[in-house]
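Residue-level listing of the chains:
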Amino acid sequence: MKILFLVYHGFSAVSGISKKIHYQVKGFRENGHEVHLCYYDFSAEGHRCRFVDGEVLQDYGSGFLAAVRQRTGYGCVYDYCKANGIELVYARCFQNANPWLISLFGRLRRLGVKAVTEIPTYPYDQEFRTFPWTTRLGLAVDKLFRRRLSGRMNAIVTFSDADTIFGQRTIRISNGVDIDSIPLHHFSEPGDGSIHLIGVAEVHLWHGYDRLIAGLGEYLRHSQHPRQVYFHIVGGVGDYDMYGDAGYSGIKPVIDKYGIQDNVIFHGQLFGEELDQVFNQCQFAIGSLARHRSGITYIKTLKNREYATRGIPFIYSEVDSDFEDKPYVLKAPADESPIDMCRIIDFIDNRHFEPLAIRQTVEFLSWKIQMQRVIDLL
């Protein structure tokens, strides 16, 4: 099948989303499909452009009018699909439903091209409540048109358990992994008996790291003979998520409350060998601990799968049907209570899992298998 993978943004070498998209394309290709990647980015000259496989499909120019044109000018995508015999457009939702996209997919349907949109997180409205007003304005436009846009699709691809989304049937798959790209965990036991935890994310309030830090503070404050515990945060942390506001504590105020500045280590964005080195000094990983804050109960996060592929045990609080019964997983309550650090320490001390054995439980989550599932269910 000839597939156009349509993305409404560019890519970053340190972005997990960017890597995921490239792995999805690879997964389609491993099943024998011809895939072309269409995305929006800036050219070397600073022009706003839509690209296909690195070649400029349309140059919108620069300045304000160029910004408008790139949001409304999708004729080049239609022309490309028609000229190249594209049979399926796989689009990744960017919360950007609008009349021009509705028109594009309506024309593609009349041309006989199938289309699906992947909605990575559903529901997603609550995730925007802490974003700038300009972003929330974009969401307001999306709300006006997303049901009509979904009606132009053959299906919505979701990692949730929803049967329908915005009135359209769903194809339910799991977030996948590119097993070849993730090294196995090689933990180096510290000689002092300390505990090292790692959380990898572009941090937002739904990751609930403040709950983990509060639990760490309570443990160090009230235990008679506490072990030294360190929490390594890898990824960016914005001002809101670091400092909070009247409705959300943020991370830094919780650290200051308990005086545990030395126990929470911010590494910033890491990838490659630097990321592997931090993983290998940690015994246990931290998934999302507060998806309930954005109204989500059922989700299949990419991070859980990446932890399992590395072969490191982890904790999370949502419902993830691929991991609910796994012995290497510790479940946290989906509420605002501090995470019980004694449970984590007891889990680490009394359970041993070989990294390869953990990895073998998620081999069915390869992107090759997950992306072919989309084709099969169409």
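Use the structure listed above.
Just so it is clear, the model here is predicted, and its values are computed rather than measured.

## Examining the side chain of glutamine 24
Its place among the elements puts glutamine 24 in helix H1 (residues 16–30). The class for glutamine 24 is buried, based on a relative accessible area of 0%. Apart from the residues lying within four places of it in its own chain, the contact partners of glutamine 24 are Phe5, Tyr90, Glu118, Trp367 and Met371.

## Section: a nonpolar patch on the surface
On the surface, a nonpolar cluster with roughly 330 Å² of combined accessible area is contributed by Phe64, Leu65 and Val68. By secondary structure assignment, the location of valine 68 is in helix H2 (residues 64–72).

## Points about the state of the cysteines
Applying the stated rule across the entire model yields 0 disulfides. Of all cysteine sulfurs, the one in cysteine 38 lies closest to cysteine 76, which takes part in no disulfide; the gap is 6.6 Å. Residue classification places cysteine 76 among the buried positions, given a relative accessible area of 9%. No disulfide involves cysteine 342; its sulfur sits 19 Å from the nearest other cysteine sulfur, which is in cysteine 282.

## Notes on the environment of glycine 32
Structurally, the position occupied by glycine 32 is in the loop between H1 and strand S2 (34–42). As for glycine 32 and asparagine 304, which are separated by 272 residues in sequence, their C-alpha atoms are 28 Å apart.

## Considering the sheet that holds strand S7 (residues 155–158)
Taken in spatial order, the 9 strands of this open sheet run S4-S3-S2-S1-S5-S6-S7-S9-S8, and their pairing is mixed. Unpaired on one side and paired on the other, strand S4 (55–61) and strand S8 (164–165) mark the two borders of the sheet. Taken together, the 5 bridges between strand S5 (residues 88–92) and strand S6 (residues 114–119) define a ladder with parallel strand orientation. Pairing of tyrosine 90 across the sheet is with valine 116, part of S6.

## A look at the packing of helix H6 (residues 209–222) against helix H11 (residues 341–350)
Axes are the key here: two packed helices are described by the angle between their axes and the distance separating the axes. Where H6 meets H11, the closest approach of the two axes is 8 Å, and the angle between their N-to-C directions is 85°. Relative to H11, the element H6 lies roughly perpendicular. Contact with H6, carried on its side by Leu212, Gly215, Leu216 and Tyr219, involves Met341, Cys342, Ile344 and Ile345 of H11 and no other residues of that element.

Basis of the calculations
Residues numbered from 1 in each chain as written. Predicted model: local features only at pLDDT ≥ 70, side-chain atom pairs only at ≥ 80, totals over all residues. Heavy atoms only, no water. Helix = DSSP H or I, 4+ residues; strand = E, 2+ residues; numbered from the N terminus. Buried < 20%, exposed > 50% of the residue type's maximum accessible area, 1.4 Å probe, protein only. Contact = heavy atoms within 4.5 Å. Patch = residues over 30% accessible without salt bridge, like charges linked within 9 Å, V, L, I, M, F, W, Y side chains within 5 Å. Areas by Shrake-Rupley, 256 points an atom, 1.4 Å probe, with all protein chains shown as cover. Salt bridge = Lys/Arg side-chain N within 4 Å of Asp/Glu carboxyl O. Disulfide = S-S within 2.5 Å. Pairing = 2+ DSSP bridges. Axes fitted to C-alpha atoms, helices over the stretch in contact; angles between N-to-C directions. Parallel < 35°, antiparallel > 145°, perpendicular 65-115°, else oblique.

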